[in-house]
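This is what each chain is made of:
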Amino acid sequence: MGNFVTYLENLNLREKIFFAILMGILGIFLALKFYENFFEHFVEEIASLNVENLQEKKAQINDLMRRKNDLKIEIDAQNLSLRNHQKSLMIFAKNYEDYLDFIELLSKKYGLILKNLQNSYEDGDFFQRHRLNLELNGEFSELLFFIQELENSHLVFVFESIKFQNTKSLALSLHLNLQFVVLK
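Residues numbered from 1 in each chain as written. Predicted model: local features only at pLDDT ≥ 70, side-chain atom pairs only at ≥ 80, totals over all residues. Heavy atoms only, no water.

A. Structural detail: the overall build of the protein. Secondary structure summary: the protein contains four helices and four strands in total. Helices (α) and strands (β) of the protein occur, in sequence order from the N terminus, as α-α-α-β-β-α-β-β. Relative to the 2.2 N^0.38 estimate, which gives 16 Å for 184 residues, the radius of gyration of the protein is 47 Å and therefore markedly larger than a compact globule would have. Considering the protein as a whole, with its 184 residues, one finds that 18% of them fall into the buried category. (Helix = DSSP H or I, 4+ residues; strand = E, 2+ residues; numbered from the N terminus. Rg over C-alpha atoms; globule rule 2.2 N^0.38 Å. Buried < 20%, exposed > 50% of the residue type's maximum accessible area, 1.4 Å probe, protein only.)

Next comes the structure, spelled out in structure tokens:
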């Protein structure tokens, strides 16, 4: 390195300027080659990202937003359906005692005598199906009002059979086979 510095000191001014210009041209040439090999590829990638990929990303974002809105609409529809099903199931949310209390209340309301009550049930996965066999004594009109109010009540009963029998007294005997469902 010392020999090179000594050589540069021995040059006249014109040679020093020529050497400086030559070094500047060589530096610019190296810089352009470096740019060509490294930065040009990097700049092309960024430029292509800005033009092509940006449009592709915007399309993906728009597609995702559309899917999000579709899913939100679907979730809202399913939530509405779920609420409707829950309201429908509220009919069956009563327990066994509620049904018996209602039948007892109606029989007292119409002055009917409950002579016999038999219960059987079947267990399902999510519900119990109960069968009631009732025997009531009372006047014909009171028995009809009892059946009508039982049928029009907020509780859901399935009437399997309705039989009237004449007793020795003025009262009739009503044999009802009812079925209802209770959720577990």
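B. Quick peek at the sheet that holds strand E1 (residues 113-123). Pairing in this open sheet of four strands is antiparallel, and the strands run E1-E2-E4-E3 from one edge to the other. Among the strands making up the open sheet, the edge pair consists of E1 and strand E3 (158-166). For this sheet, the mean inter-axis angle between neighbouring strands, taken without regard to orientation, is 15°. (Pairing = 2+ DSSP bridges. Axes fitted to C-alpha atoms, helices over the stretch in contact; angles between N-to-C directions.)

C. Spotlight on the packing of aromatic side chains. Scanning all chains against the criterion turns up six aromatic pairs. Centroid distance Phe140 to Phe164: 5.5 Å. Interplanar angle 55°. Geometry classified as tilted. Highlighted residues: Phe140 in helix H4 (residues 140-151) and Phe164 in strand E3, separated in sequence by 24 residues. Relative accessible area serves as the criterion here: at 45%, Phe140 is assigned to the partly exposed category. We classify Phe164 as partly exposed; its relative accessible area is 34%. Connected via pairs of aromatic rings, a cluster forms that spans Tyr96, Tyr99, Phe157 and Phe180. (Phe/Tyr/Trp six-rings, centres within 6.5 Å; stacked < 30°, edge-to-face > 60°.)

Any link to function would need more than the numbers given here.
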